[in-house]
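Chain residues, written in single-letter form:
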Amino acid sequence: MASLGVNIDHIANVRQARRSVEPDPVTHALLAELGGADGITVHLREDRRHIQDRDVELLRQTVRTRLNLEMAATAEMEAIALRIHPDMVTLVPERRQEVTTEGGLDVASQVAVLGGIVERLQGAGIGVSLFVDPVAQQLDASCATGARWVELHTGRYAEASWQEQPAELERLAGGCAIARQLGLRVNAGHGLTYANVEPVAAIEGMDELNIGHTIVARALAVGLQAAVREMRALIQNPRRDPLFGSRVP
Ligand code: PXP
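Summarised in this report is the structure supplied together with it. Note that this is a predicted model, so its numbers are computed, not measured. (Residues numbered from 1 in each chain as written. Predicted model: local features only at pLDDT ≥ 70, side-chain atom pairs only at ≥ 80, totals over all residues. Heavy atoms only, no water.)

### Observations concerning the pattern of salt bridges
Step number 1: Under the criterion given, the structure shown has 14 salt bridges.
Step number 2: Arg48 is the partner of Glu76 in a salt bridge, and the nearest nitrogen-oxygen pair spans 2.8 Å. With a gap of 28 residues between them, Glu76 in helix H4 (residues 75–84) and Arg48 in the loop between strand S2 (39–43) and helix H3 (53–62) connect regions that are remote in the sequence.
Step number 3: When its relative accessible area of 39% is taken as the criterion, Glu76 is described as partly exposed.
Step number 4: Note on Arg48: relative accessible area 17%, which makes it buried.
Step number 5: Asp207 serves as the salt-bridge partner of Arg185, at 3.1 Å between the closest nitrogen and oxygen. Of this pair, Arg185 sits in strand S7 (residues 185–189) while Asp207 sits in the loop between helix H9 (197–201) and strand S8 (208–211); the two residues are 22 residues apart in sequence, bridging distant segments of the chain.
Step number 6: Connected through shared salt-bridge partners, Arg15, Asp24, Arg54 and Asp55 make up one network. (Salt bridge = Lys/Arg side-chain N within 4 Å of Asp/Glu carboxyl O. Helix = DSSP H or I, 4+ residues; strand = E, 2+ residues; numbered from the N terminus. Buried < 20%, exposed > 50% of the residue type's maximum accessible area, 1.4 Å probe, protein only.)

### Some remarks on the environment of Gln181
Step number 1: Within the fold, Gln181 resides in helix H8 (residues 165–181).
Step number 2: C-alpha of Gln181 to C-alpha of Val118: the two residues are 63 residues apart in sequence and 20 Å apart in space.

### So, the environment of Tyr194
Step number 1: Among the structural elements, Tyr194 can be located in the loop between S7 and H9.
Step number 2: Here Tyr194 falls in the partly exposed class, since its relative accessible area comes to 47%.
Step number 3: C-alpha separation for the pair Tyr194 and Ile215, spaced 21 residues apart in sequence, amounts to 8.3 Å.
Step number 4: Leaving out residues up to four positions away in the same chain, Tyr194 has contacts with Thr214, Ile215 and Arg218. (Contact = heavy atoms within 4.5 Å.)

Here it is in structure tokens:
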């Protein structure tokens, strides 16, 4: 049975929309763990559009499951990973213009460079996973870097029409089988939802699914009524504590 890694980048997206202190991804990581997450994933982007360095540092101290740091294969990020020491690093491609990670990493064209990063991170005791499309060429190359994990990109499956989806599912199952034969462990993620996750979770040999956007969207759906009720209760029955106002600077 596959385990669940919860990606909390979108909690940070809401905070950064106001450059505020809430919602705090560190607090919400704990809530995700209480809900049964097997791991917490954050993507520290070069432009720091959502997760901040401070988040990763605090998460390293507070996450009790496993902390998976998604990052680009750059010298800056490698130094951060070696300093903070997450349980796992997932190397992803990154372009500033993209809304979210768009494609898999082209491992085949940079085996030597990626192999160096993999060796240094794994040498420091950090597991390394490469986010790749489920194709033999990229999986062979991933194996050649020395990485022990791959994360299969499920974006094409998630975006496919219902007519195309069975073929995309086959590609994922085939990619998983190839990776397993190569001795790699297999995660998958991107664009998975409550509607499309089950066939992917049922693929033989799948270790972990990393899921973010749909869980945060669902949290709003199941939590908004209670949040509004709490605010209405304060407005309808405000505190009349004489010290309350004087405590506000
Ligand atoms: N895995 C990787 C490598 C990703 O880049 C992302 C998106 O940040 C995810 C999983 C989670 O994708 P989603 O937010 O669509 O569930």
